[in-house]
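# Observations on the three-dimensional arrangement
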Amino acid sequence: MAEGVETLHKPGGIAAEATGAGRTLQQYLDETPAWADGTPVAVTPMTRMQWLIWILAAFGKFFEGMVVFMGGVALPLLSVEFSLGGVEHGIAAAAALFGILVGATALGGLSDRFGRKRMFIVEQALFLAFLVAICFSPGFIWFAVCLFGMGLALGCDYPTAHLVISEAIPSHSRGRLVLSAFGFQAVGALFGVGIGYLILSALPAVEAWRWMYGAAVLPAALVLAGRFFVTESPYWLLSQGRLPEAQAQVQRLLKRRPPYPRTIRLRAGKVQQTDHRKGRGLSALFRTRKARGATILAAIPWFLQDLGTYGIGIFTPTILVGLVGQKRDHAMNIADIIHNDMLAARGAAIIDVLLIVGIVIAVLYADRIGRIRLQVFGFVGCGLGLFIAALSTYSSGTMEIVLVFLGFMIFNFMTNLGPNAQTYLIAGEVFPTKMRGLGAGFAASAGKIGAVSTAFLFPVLLVDLGTDLLLYLLVGASLLGALVTWVFRIETAGRNLDELDEELDSAYADRRAPA
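Residues numbered from 1 in each chain as written. Predicted model: local features only at pLDDT ≥ 70, side-chain atom pairs only at ≥ 80, totals over all residues. Heavy atoms only, no water.

With that settled, consider the overall build of the protein chain. Helix and strand content of the protein chain: 20 helices and 3 strands. Considering the protein chain as a whole, with its 515 residues, one finds that 59% of them fall into the buried category. Looking at the protein chain alone, contacts between residues at least 24 apart form 80% of all its contacts between residues at least 6 apart. Of the roughly 20000 Å² of accessible surface on the protein chain, 66% is carried by carbon and sulfur atoms. (Helix = DSSP H or I, 4+ residues; strand = E, 2+ residues; numbered from the N terminus. Buried < 20%, exposed > 50% of the residue type's maximum accessible area, 1.4 Å probe, protein only. Contact = heavy atoms within 4.5 Å. Areas by Shrake-Rupley, 256 points an atom, 1.4 Å probe, with all protein chains shown as cover.)

Put into structure tokens, the structure is as follows:
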């Protein structure tokens with residue numbers, strides 16, 4: 001037995017350790033119980049509260065995937081109802097993503113100041129309000145504003161959802177659980193395309209797009225209600241110097257039957273004892289060479305992968321509409337438009353399944369292989385998939401369809417195996433607690449600059465540059481992402497937040513450290 005530790009025999013034959021001296025938060029989170037004979041349990045058992053936090057965070061990513069990717073199905077109907085031109089098409093595609101860009105930094109960083117739980121609630125309330133409002137849009141301006149508002153909420157969710165999970169769970173589960181929650185973005189994308197298809201089937205009318213967004217209202221309201229009952233992040237409370245409150249929240253977080261541990265006595269580590277008011281500004285992300293390297297690693301690959309992920313994701317129905325089924329080339333009426341839209345949605349849904357397969361593999365191997373290797377491998381794979389899709393422009397008939405589907409399926413699989421998943425995971429791990437929300441939010445905003453760029457410009461570039469040249473440019477972006485990831489690599493797999501905090505905090509200290 002370690003010094004200051006006594007064995008507690010629990011009902012059911014479980015033995016646990018209670019500390020006589022204070023311990024760090026991560027030690028409590030990572031501690032595993034033991035059977036009465038001293039045999040340790042293989043893994044740290046998750047509590048109901050930890051699972052509740054994970055589920056509610058996962059639904060935030062679900063709503064993002066649903067709203068953003070369902071927009072590709074809704075856009076042809078919106079175009080008819082609001083008589084949209086080319087500029088309006090770009091605005092409709094980019095509004096939510098621009099909201100995410102702004103919200104990730106403007107609101108995501110607020111979780112460092114006001115707490116993870118408070119922003120976890122505020123962002124969902126904001127999302128729900130604009131979601132209801134968009135269903136009653138009287139015109140395009142209202143619609144675009146509502147999309148932007150939902151994007152603000154989803155942008156705030158990027159850092160906040162990551163932090164509420166990663167700061168409340170055992171180290172060995174961090175990568176797996178954060179990525180599996182993030183994977184619900186792919187589930188939401190598939191659901192969004194699928195619900196769009198089903199609603200069009202049941203209601204073949206222009207106003208069907210309102211029912212598509214309306215389908216998310218009740219689930220969003222239930223998630224909002226659930227978020228009022230989660231614990232505040234003990235890591236955040238410690239960074240604020242609020243030790244008694246942190247101990248109380250850990251007690252709630254780790255509530256089990258039988259009780260384990262029975263008492264919580266936290267000791268503040270070096271990081272928690274620093275002045276939590278220092279080093280909050282964006283300038284701290286670039287203050288030292290180590291800080292700049294971490295910020296580049298978190299932000300630039302995310303920007304490069306979003307160029308392809310959202311450009312391809314949103315406009316997959318547009319690209320496929322001439323290849324799947326019997327497209328009516330000159331849509332003369334509403335029935336023709338809906339027919340083409342349903343065909344495109346069906347083809348997009350088939351391809352989007354690979355997003356889920358990719359994230360499942362990422363969940364299984366992020367902690368085994370490491371974040372950096374998977375991100376590099378995924379970027380190279382994305383480039384390969386886009387290159388194959390580009391080759392389709394030199395073919396026709398069946399071969400053209402095969403190459404497009406194969407290329408996009410490889411791309412979707414590789415992006416969620418690698419950069420789409422790993423950039424999200426890395427961004428929440430390479431910044432210290434006191435500015436983790438700000439750093440992760442800044443990285444997410446950088447990513448959404450790429451997403452907004454392609455969402456707004458993709459329709460124009462498809463016409464001006466052609467599909468082949470545009471895809472070749474995205475191939476180059478993928479290979480550049482692999483290079484930047486490797487040059488600025490920081491591997492966080494298998495390391496707990498206490499260790500990372502102590503290592504990273506000095507790089508973001510308020511004083512000017514030597515580069």
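We now examine the side chain of K448. Relative to the assigned elements, K448 resides in helix α18 (residues 436-464). Assessed through its relative accessible area of 0%, K448 is described here as buried. A polar contact of 3.3 Å, which involves the side chain of K448, links it to the side chain of Y158. (Polar contact = N/O pair within 3.5 Å; in protein donor to acceptor, adjacent residues only side chain to side chain.)

Moving on, we come to the environment of L224. With respect to the helices and strands, the residue L224 is situated in helix α10 (residues 217-227). For L224, a relative accessible area of 15% translates into the label buried. Note: C-alpha distance between L224 and F120 (104 residues apart in sequence) is 8.8 Å. Residues in contact with L224, not counting those within four places in the same chain, are I121, Q124, A125 and L128.

On to a nonpolar patch on the surface. Judged by side-chain polarity, V87, I91, F456 and L457 come together as a nonpolar surface patch covering roughly 320 Å² of accessible area. Of all the secondary-structure elements, those providing two or more residues to the nonpolar patch are α3 (86-106) and α18. Positionally, I91 belongs in helix α3. (Patch = residues over 30% accessible without salt bridge, like charges linked within 9 Å, V, L, I, M, F, W, Y side chains within 5 Å. Salt bridge = Lys/Arg side-chain N within 4 Å of Asp/Glu carboxyl O.)

According to the stated counting rule, one finds 19 aromatic pairs in the structure shown. On the basis of an interplanar angle of 85° and a centroid distance of 5.9 Å, the ring pair of W51 and W54 is categorised as edge-to-face. On the criterion of helical spacing, the pair formed by W51 and W54 is a turn pair, its members being 3 residues apart in helix α2 (residues 48-81). When its relative accessible area of 39% is taken as the criterion, W51 is described as partly exposed. Here the aromatic rings of F98 and F148 are separated by 5.7 Å at their centres, their planes lie at 35°, and the arrangement is tilted. Remark: F148 occurs in helix α6 (residues 140-166) and F98 occurs in helix α3; sequence separation between them is 50 residues. Put simply, the rings of F59, F62, F63, F127 and F191 touch in pairs and so form one group of aromatic residues. Of note, R227 hangs over the ring of F120, and the distance from its end group to the ring centre comes to 3.7 Å. Over the aromatic face of W486 sits the side chain of R489, whose NZ or CZ is 4.1 Å from the ring centroid. (Phe/Tyr/Trp six-rings, centres within 6.5 Å; stacked < 30°, edge-to-face > 60°. Lys NZ or Arg CZ within 6 Å of the ring centre and 35° of its normal.)

Counting residues in each nonpolar core, the largest one holds 134 residues, and the members touching the most others are F127, F143, L147, I165, M212 and Y213. Per element, the largest residue contribution to this core is 18 residues, and it comes from α2. Residues within four places of I165 in sequence aside, it is in contact with I53, W54, A57, L177, V178 and A181. (Core = buried A, V, L, I, M, F, W, Y, C linked by side-chain atoms within 4.5 Å.)

This part covers helix α15 (residues 371-391). Note on helix geometry: an α-helix contains 3.6 residues per turn, so any two residues three or four positions apart are oriented the same way. In a regular helix each residue adds 1.5 Å, so 21 residues correspond to 30 Å; α15 covers 30 Å between its end C-alpha atoms and thus fits that length. Taken across its 21 residues, α15 has 15 buried, putting it largely inside the fold. (Expected span 1.5 Å × (residues − 1).)

Take the side chain of E64 next. With respect to the element layout, E64 can be found in helix α2. Note on E64: relative accessible area 1%, which makes it buried.

What follows covers the environment of L474. Along the polypeptide, L474 turns up in helix α19 (residues 467-487). L474 gets classed as buried once you look at its relative accessible area, which sits at 7%.

Within helix α12 (residues 243-253) the residues assigned to the buried category are A246, Q249, V250 and L253. The arc that holds every buried residue of α12, seen down its axis, measures 105°, which confines them to one face. In this fold, the buried residues of α12 make contact with α1 (25-30), α2 and α11 (234-239). (Arc of directions from axis to C-beta.)

Attention now goes to the pattern of salt bridges. If you walk through the whole model with that rule in mind, you get 14 salt bridges. In this structure, K448 engages D306 in a salt bridge whose closest nitrogen and oxygen atoms are separated by 2.7 Å. On the criterion of sequence distance, the pair formed by K448 in helix α18 and D306 in helix α13 (residues 289-320) is long-range, its members being 142 residues apart. Given a relative accessible area of 0%, D306 falls into the buried group. Where salt bridges share partners, they join K61, E64, E123, D157 and R227 into one cluster.

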